[in-house]
Amino acid sequence: MNLRGWMRALVVTLVCASLALSTASSANAAVINGTYFTFPGNTGIERPYHVHRIGSGTLTFVETHDVSGVAAPVYKFDTRTNSFGASVMATSEPTGLASSPDGSKLYIATNGNGSTRSGIDVVRVSDMTRISSIPLAYNPGPGLENVSPVNLVVSPDGVRAYVVGQADDALHVVNLVTGTEEDSQSLGSGTFSGSGDGSDQIAMSADGSKVFITQHMSFDPYFVSRVQVIATNNIHHPHTLSAVASGGDFDQPTGITISPDGTRLFVASSAGGEVLIFDPRTEAYIGKVAVPNPTRVTVSPDGSQFVVSSGERSLAVFSAASRSLLQTVELYDAANPQETSFNSDGSKLM
């Protein structure tokens, strides 16, 4: 089993939790009333992994995984009514979620299997029907190996998707209008023989001008911990985000998130036990907070709070203005949280 599969086995849960928060602008904003929701399929095999909220609406999508790593459903969830809607089965194991700017389409990165290539499933949100699938090409081609994407983002104009491939450690650019892959760029994580385990998560600046990608690998003889920055108008000249001003450097960065207003970039440095904060426009270091084994960061819609998922089976809620800890939320004893998502008014967190 590869590292990614092993990590998923440790982060399993059969339920999805919704936490009711006080108003996001409140100074103390305590988290209360945690509620768990069993998936409608109730088969015992659905393990939640990625979550994604569409725009300012009430719909959140929950990607699940089968323990064996094969295709599993993506569910639609309404945070207004706390109820599940329709679901769609991805063509193969789902590995990331994004949506069109108008909220009419959901894009699902898929891992591929023996008969299906890695790619992007395009789903019509209204009835959760898959309307097309776009294959991804291994970098460098023309091999038939699966890219094994780990996440994706969509440009503000909805024209392109940017997909991080784990198996080939490359950024893939897909034209969503034509349904074809336009370009790709190696992320150079020190891998060899066309395989790697270093590329992880991706975030896009508010204006769509650049993407930030975490990379981490700790297998002999390669040790990589960094954040790559790539301009979307020319993906072939990546550079590395500097963390020197933080008094250290990235140590196995995993989650990466940009605030809704585009002024803050959060990088979860899991082995370092901290979240580093930057200005994504200038790439200047701003500050950091300490969190044991952080994995992902979510920012409230108004930008007043950010929530850090911890491998210690808890969530840490911080004030964005002061970077002070507001609340630590202990979770169900079988759950190590991965991604989380606020609802549109910031009163609930999934």
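Details of the structure are given in the entry above.
Residues numbered from 1 in each chain as written. Predicted model: local features only at pLDDT ≥ 70, side-chain atom pairs only at ≥ 80, totals over all residues. Heavy atoms only, no water.

Caption draft 1: Up close: the overall build of the chain. Of regular secondary structure, the chain possesses one helix and 27 strands. Going through the 350 residues of the chain one by one, you find that 53% of them count as buried. Restricting the contact set of the chain to residue pairs at least 6 apart, pairs at least 24 apart contribute 44%. Taken as a whole, the chain presents about 14,000 Å² of accessible surface, with 52% of it coming from carbon and sulfur. (Helix = DSSP H or I, 4+ residues; strand = E, 2+ residues; numbered from the N terminus. Buried < 20%, exposed > 50% of the residue type's maximum accessible area, 1.4 Å probe, protein only. Contact = heavy atoms within 4.5 Å. Areas by Shrake-Rupley, 256 points an atom, 1.4 Å probe, with all protein chains shown as cover.)

Caption draft 2: Main features of unusual backbone geometry. The phi angle at M128 is positive, at roughly 55°, despite the residue not being glycine. Inspection of the secondary structure assignment puts M128 in the loop between β9 (119–124) and β10 (129–135). Located in the positive-phi region is R323, a residue other than glycine, with phi close to 60°. The topology assignment puts R323 in the loop between β25 (314–319) and β26 (325–330). The partly exposed category is assigned to R323, whose relative accessible area is 32%.

Caption draft 3: Representation of the sheet that holds strand β23 (residues 294–299). One open sheet holds the four strands; their spatial order is β23-β24-β25-β26, and the pairing between them is antiparallel. The strands lining the two open edges of the sheet, one partner per strand, are β23 and β26. Ignoring which end each strand starts from, the neighbouring axes of this sheet average 20° apart. Two strands pair when backbone bridges link them, and strand β24 (residues 305–310) and β25 are joined in this way by six bridges, in the antiparallel orientation. Counterpart to V307 in the pairing with β25 is V317. (Pairing = 2+ DSSP bridges. Axes fitted to C-alpha atoms, helices over the stretch in contact; angles between N-to-C directions.)

Caption draft 4: Geometry of the environment of P337. Within the secondary structure, P337 sits in the loop between β26 and β27 (348–349). Taking the relative accessible area as the measure of exposure, P337 reaches 10% and is therefore buried. The spacing of P337 and V308 is 29 residues in sequence and 9.2 Å in space, taken between C-alpha atoms.

Caption draft 5: Up close: the sheet that holds strand β14 (residues 180–186). An order of β11-β12-β13-β14 is seen for the four strands of this open sheet, with the pairing classed as antiparallel. Each end of this open sheet is capped by a strand with a single partner; those strands are β11 (149–154) and β14. Pairs of neighbouring strands in the sheet enclose a mean axial angle of 20°, with direction left out of account. Of the strand pairs in this sheet, strand β13 (residues 170–175) and β14 are connected by six bridges, and their pairing is antiparallel. By the bridge assignment, V174 is partnered in β14 with E181.

Caption draft 6: Focus on the pattern of salt bridges. Counted by the stated rule, this structure contains six salt bridges. Note that K210 and E283 form a salt bridge whose closest N and O atoms lie 3.0 Å from each other. Taken together, the positions of K210 in strand β16 (residues 210–219) and E283 in the loop between β21 (274–279) and β22 (284–290) put the pair 73 residues apart, joining distant regions of the chain. A salt bridge links D279 to R281, with the nearest nitrogen and oxygen atoms 2.9 Å apart. Residue classification places R281 among the exposed positions, given a relative accessible area of 53%. (Salt bridge = Lys/Arg side-chain N within 4 Å of Asp/Glu carboxyl O.)

Caption draft 7: Examining the pairing of β21 more closely. Counting buried positions along β21 gives six out of six residues, so the element sits mostly inside the fold. The alternating pattern of β21 places E274, L276 and F278 on one face and V275, I277 and D279 on the opposite face, and all of these are buried. Direction of pairing for strand β20 (residues 265–269) relative to β21: antiparallel, over a ladder of five bridges. Residue pairing in the sheet places V267 in a bridge with L276 of β21. Here β20 folds back onto β21 in antiparallel fashion, the turn holding four residues, of which G273 has a positive phi close to 65°.

Caption draft 8: Expanded view of the packing of aromatic side chains. Here the structure, examined in full by the defined rule, presents six aromatic pairs. Measuring from centroid to centroid gives 4.9 Å for F77 and F84, while their planes differ by 75°, and the two rings are edge-to-face. The exposure class of F84 is partly exposed, given its relative accessible area of 21%. Consider the rings of F250 and F278, whose centres lie 5.9 Å apart with planes at 45°: the pair is tilted. Of this pair, F250 sits in the loop between β18 (239–240) and β19 (253–258) while F278 sits in strand β21, and the two are 28 residues apart along the sequence. Comparing F250 with F278 shows no difference in burial state: the two are buried. Cluster of aromatic residues (ring-pair linked, three or more members): Y75, F77 and F84. (Phe/Tyr/Trp six-rings, centres within 6.5 Å; stacked < 30°, edge-to-face > 60°.)

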